[in-house]
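What follows is the residue order along each chain.
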Amino acid sequence: MISNINFDGYMVAIDIDFATRKIAGMLKTQKVIEQDGDLFTMKTLSTFRNYYSSFKIGEEFEEVTKGLDNRKCKSMVNWDGERMVCVQTGEKRNRGWTHWIEGEHLYLELCCEGQVLTSPPGKI
Ligand code: RET
């Protein structure tokens, strides 16, 4: 992770407590993506906590956001052109994320309720 806008707002939206938000906000996370056809494993790695998710494109799965807000969602990931879009249906409205690559960089937009966590426009 090079930079972001509104990680804190996103964490408030998913009810992450103050102390965890302060620690999480300082992290430089790394993303490791493994692909085997339509099967993906996404690893969000940091010195504080990791988050893992595995899914098959177009197939609904039960996601437990372990180590984040520990909620259960019915999630599904699909391609929208060259963007990978996940819809996380559950207690929180309008929850999901989009991943895409532009040039050398991997981008991620996360949303929950009215909050959007995104990348700064233009140069990162
Ligand atoms: C960390 C640190 C502990 C607190 C929070 C975190 C946020 C993780 C997020 C992960 C998103 C993962 C995605 C995976 C896609 O497959 C960094 C684990 C809140 C927001 C979108």
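It should be noted that the structure appears before, not after, this text.
Remember, it's a predicted structure, so these values are computed and weren't measured experimentally.

1. Focus: the site of the ligand
Phase 1: With respect to spatial proximity, 14 residues lie near the ligand, and among them Lys31, Met42, Thr44, Leu68 and Trp97 are the closest.
Phase 2: Contact with the protein chains covers 97% of the free accessible surface of the ligand, which is 540 Å².
Phase 3: Every element with two or more residues in the shell around the ligand is listed here: α1 (7–13) and β2 (39–45).
Phase 4: When its residues are assigned to classes, the shell around the ligand shows 10 nonpolar, two polar and two charged.

2. Observations regarding the sheet that holds strand β3 (residues 51–56)
Phase 1: Strand order in the open sheet formed by three strands is β1-β2-β3, with antiparallel pairing between adjacent strands. Looking at the sheet topology across the chains shown, the edges are occupied by β1 (30–36) and β3. The sheet shows a mean angle of 10° between the axes of neighbouring strands, direction not considered.
Phase 2: Alignment of β2 against β3, held across six bridges, turns out to be antiparallel. Bridge assignment links phenylalanine 40 to a residue of β3, and that residue is phenylalanine 55.

3. Some points on the packing of aromatic side chains
Phase 1: Counting across every chain of the model gives five aromatic pairs.
Phase 2: Where phenylalanine 55 meets tryptophan 97, the ring centres are 6.2 Å apart and the plane angle is 55°; that geometry is what we call tilted. On the criterion of sequence distance, the pair formed by phenylalanine 55 in strand β3 and tryptophan 97 in strand β7 (residues 96–102) is long-range, its members being 42 residues apart. Summarising the burial analysis for this pair, phenylalanine 55 and tryptophan 97 share the class buried.
Phase 3: Taken together through their ring pairs, the aromatic side chains of Phe40, Phe55, Phe61, Trp79 and Trp97 make up a single cluster.
Phase 4: Directly above the aromatic system of tryptophan 100 lies the positively charged group of arginine 83, at a separation of 4.0 Å from the ring centroid.

Reading guide: rules and limits
Residues numbered from 1 in each chain as written. Predicted model: local features only at pLDDT ≥ 70, side-chain atom pairs only at ≥ 80, totals over all residues. Heavy atoms only, no water. Near = heavy atom within 4 Å. Areas by Shrake-Rupley, 256 points an atom, 1.4 Å probe, with all protein chains shown as cover. Helix = DSSP H or I, 4+ residues; strand = E, 2+ residues; numbered from the N terminus. Nonpolar A, V, L, I, M, F, W, Y, C, P; charged D, E, K, R; others polar. Pairing = 2+ DSSP bridges. Axes fitted to C-alpha atoms, helices over the stretch in contact; angles between N-to-C directions. Phe/Tyr/Trp six-rings, centres within 6.5 Å; stacked < 30°, edge-to-face > 60°. Buried < 20%, exposed > 50% of the residue type's maximum accessible area, 1.4 Å probe, protein only. Lys NZ or Arg CZ within 6 Å of the ring centre and 35° of its normal.

Taken by themselves, the reported measurements are silent on function.
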